[in-house]
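What follows is the residue order along each chain.
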Amino acid sequence: MISYLVRACLLITPPVFTYYTTSALCAQDTPCLPSAFQLLSFCILAVCHVVLVHISCYHIFHQAEEPLRNPLNSLNPPSSPVPAQKAPNVNMAMVVEFGNEGQSIYFRYQGSYLRDSEGNLVHCTGSQKQWVQDNWSTIRSSHSKPDAKIYQSSSPDGRGYTTAIMIGNHGRIVDGDAFEKFFVDLLLTQADLTTYTLPVSAAGEDADIEAVTEQIVDLFDSYLRYDVGKGDQWKVSGRKYFTQRVRHFTSRKAKLEMCLPAFPCKSSNPDKVTGPDPDRGEELALERLHGFVTEIEKIYMPGAKLWVISDGHVFSDCIGVDDGEVDRYTALLKDMNREVGSHFGDPDRIGFKSLVDLFQLASRNDDLSTLASWLSLPPIEHHLDTKITEEAELCRRMLVAGSGPRKEAIRAKIDSKDATITRLYRGFSKFVLEDLENHPLTQRMSRSKQKKLSAKVAFEMIVRNHAYSNLVEMLFPNYIRLSIHAHNNAGPKFGIQLVDPAKVRAVTSLSADGELMTSIDLLHVPTPWHNCVVALQGSEMMLMTKAKLARAALSKGSFTGSLTKTDSGRAYFELTKPPKRPIVVTMSEKIGPLFNRVSTPIRSSPQLFRRATLSMSEAMKSSSPSVLKARGLQGPMTAAPRVGKRMFTFSEKTVAASNQQTIPPNPAITPQSAGTKKRYTFFGLSSAAEKSNDVAVVTILPVVKSPAPVL
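The structure displayed is predicted, hence computed values, not measured ones.

**Quick look at the packing of helix H6 (residues 178-190) against helix H14 (residues 390-403)**
Then, number 1: Where H6 contacts H14, the axes come no closer than 11 Å and their chain directions differ by 95°. In terms of orientation, H6 and H14 fall into the roughly perpendicular class. Here Phe 179, Phe 182 and Phe 183 of H6 come into contact with H14, specifically with Met 398, Ala 401 and Gly 402.
Then, number 2: Across the contact of H6 with H14, the residue classes tally to five nonpolar, one polar and no charged.

If you want it as structure tokens, here you go:
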């Protein structure tokens, strides 16, 4: 606000100054009109003044201080620099950073190192890696650093190794040392660096190690990796980075460790999903992940372990889901994993960790409220009315305080009007708006208020998403990081396809050939918790789409079927296209109290029409009432008169074996002679609402005697 006031004052200075100067120079009784040259000079000076004012004000009020760079500096960076990313086109989904700067512990982290029982440096990582190596003799004896605190912990295996973490002294956002000690203890107990103590393979085994490493990388590339298309950096630099992460384990004959933040909870929007519980979609995703780990075991004896890091409590209050629902979803998902894993021979290939597990709250003896008071954590914002548990809320506060970015940095990035950032932010807001479409709170709001709410929620989710990504980076420094977001695959995170594209197709319509689903926010790869699974009879390809499409198809009668369950109890929609049966149409015209003129029954094209229309040309119209009978149509016939012709449409609201509709007479038309044949044209419209080329002709027979009425 101050910047705008200053700008306004500076902007009005030239005209005010000019006015008073001109008044002073001009005589009272003499008109004083400026010349063309004076006007032109004044305009040029005014334009230059405006430009300079805006530049000055920008530097005064908007120039940010030198940002703190990511101190982790990529724990295991590739040997060659990653080339600059190209901005994705509008139709391509790709994650771009909104801005990641701050003063939380994540940004004060200077690095970690591992030393053996004799004090030798085994491994070091982080932004201060070179300083530690150059000053190891000093650190070894004093265990101190001038601008940081060094926290140490001995390895529990009794081998004498010590892990140390360096935390900078500047920029604390939480008063006191309690939270810092609590958070560092989490890092020391979970960010395991002891794999570096394992012996590296001998020189003679290098060829075998490289061969199996390349096989694992090829397997990931063909089996699991999500290709974002244009802008994908896998071949440029990502494959090399991924290979280094795999080689970290294979060179030591250690089990591969992977982590995947995913499986939060079902969307709160019932138009997207079958319900709040894991269904056939989650089952297919777990089958694919177990299958991938199983394939690794076939080529690499130590095998692999994939950890699902559930982010349900990170965002649950933002998407209108109660914390209790997240806990229930996670418990059911673990049960499902045991069943799926047992089918593959080992349920332990995939493990689960939540925020509660990461912050080790279950193992603490102190009361949660006492712990929260001791840690002195700042509160977080809530924009929706959801049921919050004390445990989940404490975890969210720890998350933001320990690894969250500065909100001002993210806001500045959004306000920079960068085309890619703006598109992603707006897309994320649309995603939130869609997710909260049926939330009770939004139902009472106008559309403009809904959009404002979705923008606030989207911003909060972006902040927490950065915080969660930073936390995973600190707690799992050596893990291969997978993601359900559409990354450009340059590393350190790699996007994956959760469902097998050879078996499941994510589409926007109920057709295996339908348009592929694209991410509304340019971030999310289609996932089970925002969609449902549909099985079409006669098709080997299952569909992943919005549940509202299946429900609408069943309601309209364009498909038959229901929401059903597999033998294992997993919900999905099973739909069948109704059989293609002919439509029989008969036309009769009443010409007297005892006689009717009856047409020959006709059959339409064998195609099942969604709408059938009978129209009479001008020459064939009659002033007598006519009766139209139809058999095999879905629903009653409804009159839809048009100028110059009569048209009758068969709707699909109900199913009837036979129905009829009386055509009112048209007195303006002269009746034809009784022996004249009349032709009626029958047009069919397909289910896609496109006019069919098939035409059936009704011929009116000569007058015959029959009991009245014959219908």
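**So, a positive patch on the surface**
Then, number 1: A contiguous patch of positive charge, built from Lys 417, Arg 426, Lys 430, Arg 447 and Lys 451, is present on the exposed surface.
Then, number 2: Contributing elements (two or more residues each) for the positive patch: helix H16 (419-435) and helix H18 (447-475).
Then, number 3: Tracing the chain through its elements places Arg 447 in helix H18.

**Description of the pattern of salt bridges**
Then, number 1: On inspection of all chains with the given rule, the structure shows 30 salt bridges.
Then, number 2: A salt bridge links Arg 280 to Glu 283, with the nearest nitrogen and oxygen atoms 2.8 Å apart. Here Glu 283 and Arg 280 lie together in helix H9 (residues 280-299), a separation of three residues that amounts to about one turn.
Then, number 3: The exposure class of Arg 280 is buried, given its relative accessible area of 16%.
Then, number 4: Where Arg 396 meets Glu 393, a salt bridge forms, and the shortest distance between an N and an O atom there is 3.1 Å. Placement of both Arg 396 and Glu 393 in helix H14 is noted, with a separation of three residues, approximately one turn of the helix.
Then, number 5: We classify Arg 396 as buried; its relative accessible area is 0%.
Then, number 6: Overall, Glu 393 belongs to the buried group, its relative accessible area being 15%.

**Regarding H9**
An α-helix turns once per 3.6 residues; consequently, residues spaced three or four apart project the same way.
Then, number 1: Compared with an ideal rise of 1.5 Å per residue, which puts 20 residues at 28 Å, H9 spans 29 Å between its outermost C-alpha atoms and is within 8% of the ideal.
Then, number 2: Buried residues dominate H9, accounting for 15 of its 20 residues.
Then, number 3: For H9, the N-terminal capping position is held by Asp 279, with its side-chain oxygen 2.9 Å away from the main-chain nitrogen of Gly 281.

**Regarding unusual backbone geometry**
Then, number 1: A cis amide bond links Gly 491 with the next residue in sequence, Pro 492, at an omega value of 5°.
Then, number 2: Position of Pro 492 relative to the elements: it lies in the loop between strand S8 (480-483) and strand S9 (493-495).
Then, number 3: The backbone phi angle of Lys 253 is positive, close to 55°, even though this residue is not glycine.
Then, number 4: By the element assignment, Lys 253 lies in the loop between helix H8 (234-250) and strand S5 (256-262).
Then, number 5: Phi at Asn 489 is positive, roughly 65°, even though this residue is not glycine.

**Here's the deal with the nonpolar core**
Then, number 1: Membership of the largest hydrophobic core comes to 104 residues, with the highest contact counts inside it found for Phe 179, Phe 263, Phe 359 and Met 398.
Then, number 2: The biggest single contributor to this core is H18, with 13 residues.
Then, number 3: With near-sequence residues (within four places) excluded, Phe 179 lies in contact with Ile 105, Val 174, Leu 375, Leu 377, Met 398, Ala 401 and Gly 402.
Then, number 4: Ranked by size, the runner-up nonpolar core spans 12 residues in total, among them Val 507, Leu 510, Leu 536 and Ala 553.

**Observations concerning H14**
Then, number 1: Taking 1.5 Å of rise per residue, the 14 residues of H14 would be expected to cover 20 Å, and the 20 Å separating its terminal C-alpha atoms lies within 8% of that figure.
Then, number 2: Counted residue by residue, H14 has 11 buried out of 14 residues, so it is predominantly covered.
Then, number 3: Within H14 the residues assigned to the buried category are Ala 392, Glu 393, Leu 394, Cys 395, Arg 396, Arg 397, Met 398, Leu 399, Ala 401, Gly 402 and Ser 403.

**Focus: the sheet that holds strand S4 (residues 162-168)**
Think of a sheet as strands paired side by side through backbone hydrogen bonds, with each pair either parallel or antiparallel.
Then, number 1: Ordered by their spatial adjacency, four strands build an open sheet running S2-S1-S4-S3, and the pairing between neighbours is antiparallel. The sheet is open, and its two borders are formed by strand S2 (121-125) and strand S3 (148-154), each paired with just one other strand. Direction aside, the axes of adjacent strands within the sheet are offset by 20° on average.
Then, number 2: Sheet topology places S3 next to S4; seven bridges connect them, and they run antiparallel. Each bridged residue has a counterpart across the sheet, and for Ser 154 the counterpart in S4 is Thr 162.

Thresholds applied
Residues numbered from 1 in each chain as written. Predicted model: local features only at pLDDT ≥ 70, side-chain atom pairs only at ≥ 80, totals over all residues. Heavy atoms only, no water. Axes fitted to C-alpha atoms, helices over the stretch in contact; angles between N-to-C directions. Helix = DSSP H or I, 4+ residues; strand = E, 2+ residues; numbered from the N terminus. Parallel < 35°, antiparallel > 145°, perpendicular 65-115°, else oblique. Contact = heavy atoms within 4.5 Å. Nonpolar A, V, L, I, M, F, W, Y, C, P; charged D, E, K, R; others polar. Patch = residues over 30% accessible without salt bridge, like charges linked within 9 Å, V, L, I, M, F, W, Y side chains within 5 Å. Areas by Shrake-Rupley, 256 points an atom, 1.4 Å probe, with all protein chains shown as cover. Salt bridge = Lys/Arg side-chain N within 4 Å of Asp/Glu carboxyl O. Lys, Arg positive; Asp, Glu negative; His and termini not counted. Charge placed at Lys NZ, Arg CZ, Asp CG, Glu CD. Buried < 20%, exposed > 50% of the residue type's maximum accessible area, 1.4 Å probe, protein only. Expected span 1.5 Å × (residues − 1). Polar contact = N/O pair within 3.5 Å; in protein donor to acceptor, adjacent residues only side chain to side chain. Core = buried A, V, L, I, M, F, W, Y, C linked by side-chain atoms within 4.5 Å. Pairing = 2+ DSSP bridges.

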